[in-house]
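# Descriptive analysis of the structure
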Amino acid sequence: MADGSSRSPARGLSYPCDAPPAPGQAVQVAPGVLWLRLPLPMALDHVNLYALEDGDGWMVVDTGLRTPASIEGWEAVLAGPLGGRPVTRVLCTHMHPDHIGLAGWLCERFDAPLLMSRLEYVTARMLVADAGPAPAAGAVFYRRAGWTLEQIDRWSAGYGLFGKAVAPLPSSYLRVREDDVLSIGGDDWRVVVGDGHSPEHLCLWRSSDGVFIAGDQILPRISSNVSVWPTEPQADPLADWMNSLTKLRALLPADLLVLPSHGEPFTGVHARLEALTRGHETALKRLLRTLRTPSRAVDVFPALFARPVGDGLLGMATGEALAHLHYLQNKGLALGRTDADGVVWWTAVQEDKTA
């Protein structure tokens, strides 16, 4: 979860760049690469975007949430740091609203193509179109996790907020896949795909000078949310996430400059990947100890999160709790049983010998 659920420290990292850019400003972090930042109206109060010189214009990586503040920031960036030059392409690392919120707005304004992976684009189109009413299956899902009727009613009343945070997406896109090489401003950028936080998350790697645009796949100070959602209630995204961390550790050289979507550009990617892995492993050990007593998903939050979970983070916290519980279940270490009220109670079925 975006509050640092894995409690993994940011040790072994360095931050070579200056202070973050203010909205409407930019910082050059590598040749031909500008770091932009827009505000978010939530606890995680910003998203980083990147503009890559692309011939006579700029290829934009991620776009921010569809809010008046974001549009104001883009207008200032376009007129200022981007020098009035056009946006030639828009690439979205993944389908979360703070990344795709203004993709359609930019694509329409500049008649620029949208580049995404297939799963991210299709999932985004599905979620934007799903304006409600809230499905009964969703209420069952959250009841199974231990939500109260009042909490389910609040979720139902707010259903469809995803689409409200995203401008209409282009009706077509250019598909980007693992190991594709994109020519941007005369440089080759290799596509690296991650999984777990979202279904087919794109990263870009310029190996000529070790610049890696990581999106939400590697963040320096917080652990990306890894959640089970009502649309795929039996998913095991934590297994996908852990496999991605292992893959990236083997693939990426240690001396990269990592450009994340939240936090500051950093070096020390191996240390960060190892810390993220250790953080989840430690959380799983705490969770197994908690499951010595039968527990609902909402009861295991203290084992996973460093701070109390309020209503604003309840959905993400529940999703992440279920991700950890499903991971243990698929490892044969936990079992869920449904009671007469439709609530699932989880218990450890094997002692964790390393706890």
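Residues numbered from 1 in each chain as written. Predicted model: local features only at pLDDT ≥ 70, side-chain atom pairs only at ≥ 80, totals over all residues. Heavy atoms only, no water.

Attention shifts here to unusual backbone geometry. Cis rather than trans, the peptide bond between G132 and P133 has omega equal to 5 degrees. Along the chain, P133 falls in the loop between helix 4 (118-129) and helix 5 (136-145). Non-glycine residue D62 carries a positive phi angle of around 75 degrees. Within the fold, D62 resides in the loop between strand 4 (57-61) and helix 1 (68-79). Positive phi, normally seen in glycine, also occurs at D111, with a value near 50 degrees. (Helix = DSSP H or I, 4+ residues; strand = E, 2+ residues; numbered from the N terminus.)

Attention shifts here to the side chain of S261. Topologically, S261 is positioned in the loop between strand 12 (257-260) and helix 9 (269-290). Judged by relative accessible area, S261 falls into the buried class, the value being 1%. Each residue touching S261, except ones within four places of it in the same chain, is listed here: H46, V47, N48, D62, H99, G215, D216 and L219. (Buried < 20%, exposed > 50% of the residue type's maximum accessible area, 1.4 Å probe, protein only. Contact = heavy atoms within 4.5 Å.)

So, on to the nonpolar core. One finds F212, I218, L238, L252, L291 and L328 to be the most contacted residues of the largest nonpolar core, which totals 51 residues. A total of 8 residues in this core trace back to one element, the largest contributor, which is helix 11 (residues 314-330). Setting aside chain neighbours within four positions, we find L291 in contact with V300, L325, L328, A334, W346, T347 and A348. Within the second largest apolar cluster, 32 residues are counted, among which are L36, A103, M116 and Y121. (Core = buried A, V, L, I, M, F, W, Y, C linked by side-chain atoms within 4.5 Å.)

Let's shift gears to the sheet that holds strand 2 (residues 33-39). Strand order across the open sheet formed by 7 strands is 1-2-3-4-5-6-7, with mixed pairing between neighbours. Each end of this open sheet is capped by a strand with a single partner; those strands are strand 1 (27-30) and strand 7 (174-175). On top of the sheet, helix 1 reaches strand 2, strand 3 (46-54), strand 4 and strand 5 (87-91); it is set at about 150 degrees to strand 2, its chief contact. (Pairing = 2+ DSSP bridges. Axes fitted to C-alpha atoms, helices over the stretch in contact; angles between N-to-C directions.)

A few words now on the sheet that holds strand 12. In a beta sheet, neighbouring strands pair by backbone hydrogen bonds and run either parallel or antiparallel. Judged by pairing direction, the sheet is mixed, and its 5 strands sit side by side in the order 8-9-10-11-12 without closing on themselves. Looking at strand neighbours, the two that pair on one side only are strand 8 (181-184) and strand 12, the edges of this open sheet. Put simply, the sheet's adjacent strands are angled 30 degrees from each other on average, direction ignored. Where strand 9 (residues 187-194) meets strand 10 (residues 201-206), 5 bridges bridge the pair, whose relative direction is antiparallel. Residue pairing across strands places G194 opposite H201, the latter belonging to strand 10.

We now examine the environment of H99. Within the secondary structure, H99 sits in helix 2 (residues 97-100). A sequence separation of 206 residues divides H99 from F305, and the C-alpha atoms of the two residues are 25 Å apart. Not counting residues within four places of it along the chain, the set of residues in contact with H99 comprises V47, D62, T63, G64, C92, T93, H94, D216, S261 and H262. A polar side-chain atom of H99 sits 2.9 Å from a polar atom in the side chain of D62. (Polar contact = N/O pair within 3.5 Å; in protein donor to acceptor, adjacent residues only side chain to side chain.)

Scanning the model with the defined rule gives 12 salt bridges in all. A salt bridge links E75 to R109, with the nearest nitrogen and oxygen atoms 2.8 Å apart. Of this pair, E75 sits in helix 1 while R109 sits in helix 3 (residues 103-110), and the two are 34 residues apart along the sequence. In this structure R109 comes out as partly exposed when scored by relative accessible area, which is 41%. E178 serves as the salt-bridge partner of K247, at 2.7 Å between the closest nitrogen and oxygen. (Salt bridge = Lys/Arg side-chain N within 4 Å of Asp/Glu carboxyl O.)

By the element assignment, R37 lies in strand 2. The exposure class assigned to R37 is buried, which follows from its relative accessible area of 12%. Residues R37 and G24 lie 13 residues apart in sequence; the distance between their C-alpha atoms is 7.8 Å. Of note is the side chain of R37, whose polar atom sits 3.3 Å from the side chain of H46. A polar atom in the side chain of R37 sits 2.8 Å from the backbone oxygen of G263.

Quick look at the packing of aromatic side chains now. The final tally for this structure, using the stated rule, is 6 aromatic pairs. An aromatic cluster is present here, built from F141, Y142, W147, W155 and Y159 joined pairwise through their rings. Cation over ring: R221 sits above Y15, and NZ or CZ is 4.2 Å from the ring centre. (Phe/Tyr/Trp six-rings, centres within 6.5 Å; stacked < 30°, edge-to-face > 60°. Lys NZ or Arg CZ within 6 Å of the ring centre and 35° of its normal.)

What follows is about the pairing of strand 13 (residues 334-338). Where strand 13 lies against strand 14 (residues 344-348), 5 bridges are found, and the strand directions are antiparallel. Bridge pairing in strand 14 links T338 to V344. Hairpin connection between strand 13 and strand 14: a loop of 5 residues separates the two successive antiparallel strands, and G342 in this loop has a positive phi of roughly 80 degrees.

Before going further, it helps to examine the confidence of the model for the protein chain. With 95% of its residues at a pLDDT of 70 or more, the protein chain has an overall mean of 94. Here residues 1-9 is modelled with pLDDT under 50, and outside its nearest four sequence neighbours on either side it reaches 39 contacts, counting other chains as well. (pLDDT = per-residue confidence, 0-100.)

This part takes up the side chain of R89. Locating R89 in the fold gives a position in strand 5. Every residue in contact with R89, bar those within four places of it in the chain, is listed here: D54, W58, M59, V60, A112, P113, L115, S183 and I184.

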